[in-house]
Amino acid sequence: MGGGDGPRIGMSAGSGVLDVDAAYRRHLSAGRARLSAFLGGQVEVVSHGCVVVDAQREAYLSCGGYGVFLLGHSHPRVVAAVQEQTARRALSTRLFLDPVHAAAAEALAGLAPAGLEHVYFATSGADAVEAALKLARLNGKRRLIGTHGGFHGKTLGALSVSGNPVLRDPFAPLVGDVLHVPFDDADALQRALASVGEAACVVLEPIQAEGGVQLPSPGYLAAVSDACRAHGAMLVLDEIATGLGRVGAWWACEQEGVLPDMLLVGKALGGGVVPVAAVLASPEAFAPFDRDPFIHSATFAAAPLVMAGVQATLEVLVDEDVPQRAACLGDRLIAGLRAALGDAIDAGMVTAVRGRGLLIGVEFSSPGFAGDFEYELVARRVIPNHCLNHHSVVRFTPPVGLGEDEIAWLLAAAANSAKALLDRRRARTRRRA
Ligand SMILES: Cc1ncc(COP(=O)(O)O)c(C=O)c1O
């Protein structure tokens, strides 16, 4: 594997061999190359199902990818649909109507919570957030409320509602009129809404993903929704990380019986093959885009080759009963990780193992332990995610298709990685004594 996949690659310059590390340092980001070198300098060349293969032909278990690979890598039905569409008509003129775009919208709306039948397809999660913020403004909701620890992407608007000053501050001034309130605190949101009134739009994740897999208390989302209704505010739920089955249901908001004005979807929507996200909206929220289709648009949004991938992805999610399977596998993995990390939990090194479905977080007592755990996992050929807004949490977002061997692989890697950390800590303590 690997030899026939793109350019010949190597880690040092030579005739006809691309030095990936040097090219990163020269053209892309030296910081990115340094980080990769710390983890071992792996170069990924092939990925299928639950496995990523590097240039040394080592196979890695994919539990990372920030939630994109719910169907695994390169699902054959999604790849076939994209290949077929690419050969026939990859991009559209954007002057005529596009049947693939229409079919993808119909399929997505068919899976959306009832009442959210309008769709805007975007090229990334942050683009979907931008579209939602613009729709909110066009509806007269100019004051935004986000949550501490929330993450919505890195464009200026998406950053403005995100709740991490470290990411936000270097770009100030951002979009104005944004308040941030603590997550899982309905009273704080009530107070913010009372101060802002009808001009508000609340943007939050039903479960914070980059914020460290934060599950709010039961009833929080319903209280948020009630407060928005009471104050005439709009509610945008960002399900880019949680939607389409990842948390063991089609939508996290459905688990709480909440219907937002807009719901954002991304990551899993591309089936692990195409980059895409979308806004689902109620007729009222969407009315401005209905009236004027050019007030917000992008050249490559809803490209036919991407829409074919979306349609195939949604069919696979239904046919393979992904939400239900994610719920069962998630329960098993969370219980398995708690057992595998038992000694680290007893030692106070791991302070929590939490999650819903296949969005799972392991919280450590310090960011240093979390970083070391990630390093040890990669050394055992498991790919995790870190959490941008909570550095003490290591996140697992495995594909729904993990088999018995792969479950054992993940749990053994977690147990042995934690053991390595505990052994090192004990050795340090002995040396000091
Ligand atoms: C909840 C949430 N919203 C938005 C985004 C931004 O998506 P993208 O990176 O595709 O722009 C992310 C990305 O991690 C996310 O987790």
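Our structure's up above, just so we're on the same page.
The rules behind the values
Residues numbered from 1 in each chain as written. Predicted model: local features only at pLDDT ≥ 70, side-chain atom pairs only at ≥ 80, totals over all residues. Heavy atoms only, no water. Near = heavy atom within 4 Å. Polar contact = N/O pair within 3.5 Å; in protein donor to acceptor, adjacent residues only side chain to side chain. Areas by Shrake-Rupley, 256 points an atom, 1.4 Å probe, with all protein chains shown as cover. Nonpolar A, V, L, I, M, F, W, Y, C, P; charged D, E, K, R; others polar. Core = buried A, V, L, I, M, F, W, Y, C linked by side-chain atoms within 4.5 Å. Buried < 20%, exposed > 50% of the residue type's maximum accessible area, 1.4 Å probe, protein only. Contact = heavy atoms within 4.5 Å. Salt bridge = Lys/Arg side-chain N within 4 Å of Asp/Glu carboxyl O. Helix = DSSP H or I, 4+ residues; strand = E, 2+ residues; numbered from the N terminus.

## Some points on the site of the ligand
- Residues in close proximity to the ligand include Ser124, Gly125, Ala126, Phe151, His152, Gly153, Glu205, Glu210, Asp238, Ile240, Ala241 and Lys267, which together make up its full environment.
- A distance of 2.8 Å is found between an oxygen atom of the ligand and a backbone nitrogen or oxygen belonging to Gly125.
- Here an oxygen atom of the ligand and a backbone polar atom of Ala126 are 2.8 Å apart.
- The fraction of the free accessible surface of the ligand (390 Å²) that becomes covered by protein chains is 81%.
- Per-class residue counts for the shell around the ligand are four nonpolar, four polar and four charged.

## Looking at the nonpolar core
- Counting 90 residues, the largest nonpolar core has Phe121, Leu269, Phe364, Phe373 and Phe396 as the members making the most contacts within it.
- Every residue in contact with Leu269, bar those within four places of it in the chain, is listed here: Leu108, Phe121, Leu244, Val276, Ala277, Ala278, Val310, Thr313 and Leu314.
- If you look at the next biggest cluster of nonpolar residues, it comprises 27 residues, including Ala122, Val203, Ala285 and Ala301.

## Considerations on the pattern of salt bridges
- Considering all chains together, one arrives at 17 salt bridges under this definition.
- Among the ionic pairs, Arg77 bridges to Asp319, the shortest N-O distance being 2.9 Å. Of this pair, Arg77 sits in helix 3 (residues 76-89) while Asp319 sits in helix 12 (residues 304-319), placing them 242 residues apart in sequence.
- Overall, Arg77 belongs to the partly exposed group, its relative accessible area being 36%.
- Judged by relative accessible area, Asp319 falls into the exposed class, the value being 54%.
- Here Arg229 and Asp261 are joined by a salt bridge, their closest N and O atoms 3.4 Å apart. A residue pair is termed long-range when its members are at least 10 positions apart, and Arg229 in helix 9 (residues 220-230) and Asp261 in the loop between helix 10 (252-255) and strand 11 (262-265) qualify at 32 residues.
- A single salt-bridge network, built from bridges that share partners, covers Arg77, Glu315 and Asp319.

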